[in-house]
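Residue-level structural notes
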Amino acid sequence: MTGKTRILMSLIYAAFVVYVFVPLSMMVVMGFKDSKFIGFPIKSWTLDWYGRVFQDTEVMSVFGYSVLIAIGSTLVSLLIGTWIAVLLAGRKFFGRALIFSLTILPAVVPGIISAIAFRIYARLLGIEPGMMAVIWAHAVHNVPFVVLVIVARLSTMPTNYIEAARDLGADPLVAFTRVTLPYLRPAMIGAGIFCLLLSFDDFVRSYFLGGYQPTLPVLIFSKLRSGMSPEINAISTIVIVLTAVLGVWAERSMRRMNGASR
Amino acid sequence: MSQNPDTLVQLQGVSKRFGSVVALDDLDIDIKAGEFVTFLGPSGCGKSTTLRILGGFEKPDTGRVILDGEDVTRLPPNKRKVNMVFQDYALFPHMSVAQNIDFGLELKGMSVSQIEARRQEVMSFLELDEFGSRYPDQLSGGQRQRVALARALAPDPALLLLDEPLGALDAKLRSQVQQELKAIQRRTNTTFFFVTHDQDEALTMSDRIVVMNGGKVEQDGTPEDLYLRPASRFVAEFIGETNLLNGHCLGMEGDEVVIDWLGTPVRARAGGLQPIKGSKVTCSLRLEKLGCVPSRSGSEMGIPAHIANKVFMGSRTAVTVSVDAAPEVLLRAYVDAEMAIGSVGDAVQIDWDSANLALLRQ
């Protein structure tokens with residue numbers, strides 16, 4: 001690469017970073033502005049909006065509710081996703097490709113379509129809109145990500161680990177729990193965090209299946225209808241920080257699993 | 001089924017095919033308790049399949065596997081008193097050395113104190129004492145190899161399978177570990193079933209070598225037998241370097257066969273073979289058993305030849321000679337590096353002891 005193109009590439013990258021982060025930083029900055037009106041100039045700063053968020057029992061309880069849904073749906077996704085991955089990673093069998101495609105499908109179906117489909121199906125099954133329905137919809141949406149990560153991890157596991165375990169006296173179940181599962185652990189942690197974030201962030205499915213109890217994104221949306229307030233900026237900033245921390249941690253643990261296996 | 005009390009393992013008529021490839025063709029082998037047996041052969045010869053059948057990782061298509069008087073043909077690996085040292089060791093990466101060794105002991109249902117005692121015993125035996133809390137990725141290749149051996153030996157198996165366990169080590173370490181392995185086998189008195197494609201490993205460590213080719217046994221004997229008295233052309237060429245002498249059978253004399261080689265009658269050890277008079281035969285003569293001296297005028301000793309090539313190799317000199325009776329026939333010999341053998345084109349006399357010329361199965 002010549003010097004000129006290198007400079008050009010750097011400039012394009014810098015422009016991209018500005019493009020992505022300026023709106024986000026605007027939003028963060030406005031959360032500290034001591035005025036109800038969003039915009040420049042900023043005459044004085046305050047932490048009041050954050051204080052209000054933490055005193056707002058509705059926001060706090062909805063936050064807890066969202067976390068609960070995220071954890072619940074993640075556990076379900078991990079269980080089902082690991083199960084399917086182990087099934088798919090085994091020997092080839094008839095219909096393997098079909099099962100794989102069907103498993104991946106929920107990840108690529110547009111959210112609005114799958115949300116409506118879930119709503120109709122839930123009614124047919126007699127599932128009331130609410131927590132269980134949201135957990136169910138989030139889990140189905142997240143399973144493909146778990147499967148992809150676990151299948152990738154399994155494909156790097158030497159088959160002779162299992163043979164060594166069997167050779168030393170382990171039956172297939174013991175070999176799985178004592179050798180395969182620990183090997184999958186970093187992948188499961190990474191996939192789990194990714195699922196937590198996906199669920200916490202989801203709006204469409206939560207909106208359609210949540211009934212009267214909103215999740216955090218749904219609450220923010222409904223608050224917006226009564227006008228933009230810096231309180232929303234404060235909530236959003238907290239969410240950005242939390243998800244960024246979790247996301248970076250997940251990314252690191254995923255990267256670590258490609259290196260050392262412990 | 002009569003059985004020698006010393007016999008630990010019997011393979012009876014074992015065959016295995018993978019698709020259209022015959023991996024093992026009606027194999028019959030007995031292994032004595034305490035033996036160090038090596039299965040030697042090129043890749044695809046069936047040695048690894050034999051090992052995997054003994055370990056329980058493959059089921060033979062036909063035939064039976066008897067271990068310690070018990071038919072284990074259909075038994076899964078976890079139900080067999082057989083442990084294995086895997087080619088790349090297959091140490092569990094998430095467990096420390098101690099945990100790796102404990103794995104098999106725990107599954108044997110031993111108590112915590114028994115496990116502790118046995119682990120210490122095995123670890124001090126293999127000089128691993130200070131590595132108990134290390135993880136496999138913190139160990140060198142040689143250390144990992146010892147841990148794999150410790151893990152497989154800890155449950156006190158009746159038969160230990162070793163699947164080319166030295167392949168991952170560098171050449172210098174390998175020869176050292178060869179000696180160690182042999183010493184360990186002698187001290188534990190465990191039966192070792194060793195699989196390799198490396199003839200040096202096989203020759204230095206084994207009590208007995210089974211040379212495999214195409215799913216069949218080529219020869220089964222001591223390292224000395226195989227090297228000095230190869231039974232077939234395959235064995236002669238696979239193990240060590242050799243000269244092949246082609247001729248016609250003139251007849252038998254006791255347990256020797258007389259061969260017309262380039263018009264000269266020579267004697268070879270028949271080794272139980274009885275070729276038909278007039279048939280084509282091939283004999284093997286090891287390079288170091290072919291004598292080669294400078295010709296002196298009037299000497300009637302040996303067969304006249306000329307030096308075609310000469311390579312100094314340090315401890316010895318490799319000489320290629322062209323036989324005068326048929327200049328296209330080239331034989332190779334090792335001679336003492338300090339012997340004044342002459343230079344390329346000089347006349348020499350070659351000869352050998354008839355006991356070292358081994359008739360090969362066609």
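Per chain, residues are indexed from 1 in the order of the written sequence. Key to labels: chains lettered from A, ligands numbered from 1, both in the order written. Per-residue local features are limited, in this predicted model, to residues with pLDDT of at least 70; the limit for side-chain atom pairs, both in listing and counting, is 80 or more; totals at the level of whole chains, interfaces and linings are taken over all residues. Water and hydrogen atoms were dropped before computing side-chain values, which therefore reflect all heavy atoms in the structure.

Quick word on the overall build of chain A
- Helix and strand counts for chain A stand at eleven helices and zero strands.
- Secondary structure follows DSSP: runs of H or I at least 4 residues long count as helices, runs of E at least 2 residues long count as strands, and numbering of each begins at the N terminus. When its helices and strands are written in sequence order, chain A yields α-α-α-α-α-α-α-α-α-α-α.
- Exposure is judged per residue with a 1.4 Å probe applied to protein chains only, and the accessible area is read against the type maximum: over 50% gives exposed, under 20% gives buried, and values in between give partly exposed. Looking at chain A residue by residue over its 262 residues, the buried ones come to 37%.
- By the convention used here, residues are in contact when the closest approach between their heavy atoms is within 4.5 Å. The contacts of chain A with a sequence gap of at least 6 include a subset with a gap of at least 24, amounting to 71%.
- For the purpose of counting charges, residues Lys and Arg are taken to be positive, whereas Asp and Glu are taken to be negative. His and the chain ends are not included. Here the site of a charge means NZ on Lys, CZ on Arg, CG on Asp, or CD on Glu. Distance from the positive charge centre (22 side chains) to the negative charge centre (12 side chains) of chain A: 9 Å.

Notes on a nonpolar patch on the surface
Residue and element names in this part refer to chain A.
- Surface patches are drawn from residues lacking salt bridges whose relative accessible area is over 30%; two like charges belong together within 9 Å, two nonpolar side chains (Val, Leu, Ile, Met, Phe, Trp, Tyr) within 5 Å. With residues, only the protein chains shown are counted as cover, and all accessible areas are computed by Shrake-Rupley using a 1.4 Å probe. Counted as salt bridges are all cases of a side-chain nitrogen of Lys or Arg within 4 Å of a carboxyl oxygen of Asp or Glu. A surface patch of nonpolar side chains, amounting to about 700 Å² of accessible area, comprises Ile112, Ile113, Ile116, Ile120, Tyr121, Leu124 and Leu125.
- Turning to its location among the elements, Leu124 is positioned in helix α5 (residues 111-125).
- On the accessibility criterion, Leu124 (68% relative accessible area) is exposed.

Topic: the interface of chain A and chain B
- With 19 residues of chain A at the contact, the number on the chain B side is 25 residues.
- When two parts are brought into contact, each loses some accessible area as probed by a 1.4 Å sphere; the total of that loss over both is the buried area. Contact between chain A and chain B buries roughly 2,000 Å² in total, counting both sides, with carbon and sulfur atoms accounting for 58%.
- A salt bridge links Arg52 of chain B to Glu163 of chain A, with the nearest nitrogen and oxygen atoms 2.7 Å apart.
- For the side of chain A that touches chain B, the elements supplying multiple residues, two or more each, are α7 (159-167) and α8 (172-201) of chain A.
- Looking at which element gives the most residues to the side of chain A that touches chain B, the answer is α7 of chain A, with seven residues.
- Three classes are used: nonpolar for Ala, Val, Leu, Ile, Met, Phe, Trp, Tyr, Cys and Pro, charged for Asp, Glu, Lys and Arg, and polar for all others, with Gly counted as polar. For the side of chain A that touches chain B, the class distribution of residues is ten nonpolar, three polar and six charged.

Some thoughts on the nonpolar core
Residues and elements named next belong to chain B.
- We define the nonpolar core as a collection of buried residues of types Ala, Val, Leu, Ile, Met, Phe, Trp, Tyr and Cys that are connected through side-chain atoms lying within 4.5 Å of one another. Membership of the largest hydrophobic core comes to 41 residues, with the highest contact counts inside it found for Phe39 and Phe193.
- Not counting the four nearest positions on each side in its chain, Phe193 is found in contact with Ile31, Val37, Phe39, Thr50, Leu51, Leu54, Leu159, Leu160, Leu161 and Leu162.
- Core analysis: the next-biggest nonpolar cluster, separate from the first, contains 31 residues, Leu105, Leu139, Leu153 and Phe194 among them.

Quick word on empty space enclosed by the protein
Residue and element names in this part refer to chain A.
- Within this scheme a cavity is a closed region of a 1 Å grid, computed over the protein atoms alone, that accommodates a 1.4 Å probe without allowing it to escape, whereas a pocket is open but has protein on both sides within 12 Å along at least five of seven lines; lining residues each have an atom within 4 Å of a point. Grid points are joined across faces, edges and corners, and a volume is the space filled by probe spheres set on the points. Inspection of every chain in the model, using the stated rule, returns one cavity of 30 Å³ or more.
- The space that makes up the largest cavity amounts to roughly 30 Å³.
- Together, Ser66, Ile69, His138, Ser199, Phe200, Asp202, Ser206, Thr215 and Pro217 line the largest cavity.
- Contributions of two or more residues to the lining of the largest cavity are made by α3 (57-89) and α8.
- Residue classes in the lining of the largest cavity are distributed as three nonpolar, five polar and one charged.

Description of the pattern of salt bridges
- Inspection of every chain in the model, using the stated rule, returns 23 salt bridges over all chains.
- In this structure, the salt-bridge partner of Asp56 of chain A is Lys223 of chain A, at a minimum N-O distance of 3.6 Å. Here the residue Asp56 of chain A occupies a position in the loop between α2 (48-55) and α3, and Lys223 of chain A occupies one in helix α10 (residues 216-225), the gap between them amounting to 167 residues.
- For Asp56 of chain A, a relative accessible area of 18% puts it in the buried group.
- Residue Arg361 of chain B pairs with Glu218 of chain B through a salt bridge whose shortest N-O separation is 3.5 Å. You can see Arg361 of chain B sitting in the segment after β20 (358-360) and its partner Glu218 of chain B sitting in strand β10 (residues 216-221), a full 143 residues away along the chain.
- Classification of Arg361 of chain B as partly exposed rests on a relative accessible area of 36%.

Topic: the environment of Ile193 of chain A
Residues and elements named next belong to chain A.
- With respect to the helices and strands, the residue Ile193 is situated in helix α8.
- Residue classification places Ile193 among the buried positions, given a relative accessible area of 5%.
- Distance in space between the C-alpha atoms of Ile193 and Val28 is 24 Å, their sequence separation being 165 residues.

Here's the deal with the sheet that holds strand β1 (residues 7-18) of chain B
Residues and elements named next belong to chain B.
- DSSP-based pairing: two strands are paired if at least 2 bridges between them are found. Judged by pairing direction, the sheet is antiparallel, and its four strands sit side by side in the order β2-β1-β4-β5 without closing on themselves. The two strands at the open ends of the sheet, each matched to only one other strand, are β2 (21-32) and β5 (70-71).
- Where helix α1 (residues 47-55) meets the sheet, it contacts β1, β2 and β4 (62-67), and its direction lies at approximately 120° from that of β1. Lines fitted to the C-alpha atoms define the axes, with helices restricted to the stretch that makes contact. Angles between their N-to-C directions range from 0 to 180 degrees.

Here's the deal with the domain arrangement of chain B
Residues and elements named next belong to chain B.
- Segmentation of the chain into domains, including their bounds, is taken from an automatic or database domain assignment. When the domains of chain B are assigned, the result is domain 1 (7-233) and domain 2 (241-292 + 302-360).
- Here the C-alpha centre of domain 2 lies 39 Å away from the C-alpha centre of domain 1.
- Facing eight residues of domain 1, the contacting portion of domain 2 comprises nine residues.
- Carbon and sulfur atoms supply 53% of the area that domain 1 and domain 2 bury against each other, a total of about 740 Å² over both sides.
- Per-residue buried area on domain 1 facing domain 2 is highest for Tyr227, Pro230 and Arg233; these three make up 63% of the total on that side.
- Run the count over domain 1 and domain 2 and you get zero salt bridges.
- Top element by residues in the side of domain 1 that touches domain 2 is helix α7 (residues 223-228). It accounts for three residues.
- Its residues placed into classes, the side of domain 1 that touches domain 2 shows five nonpolar, one polar and two charged.

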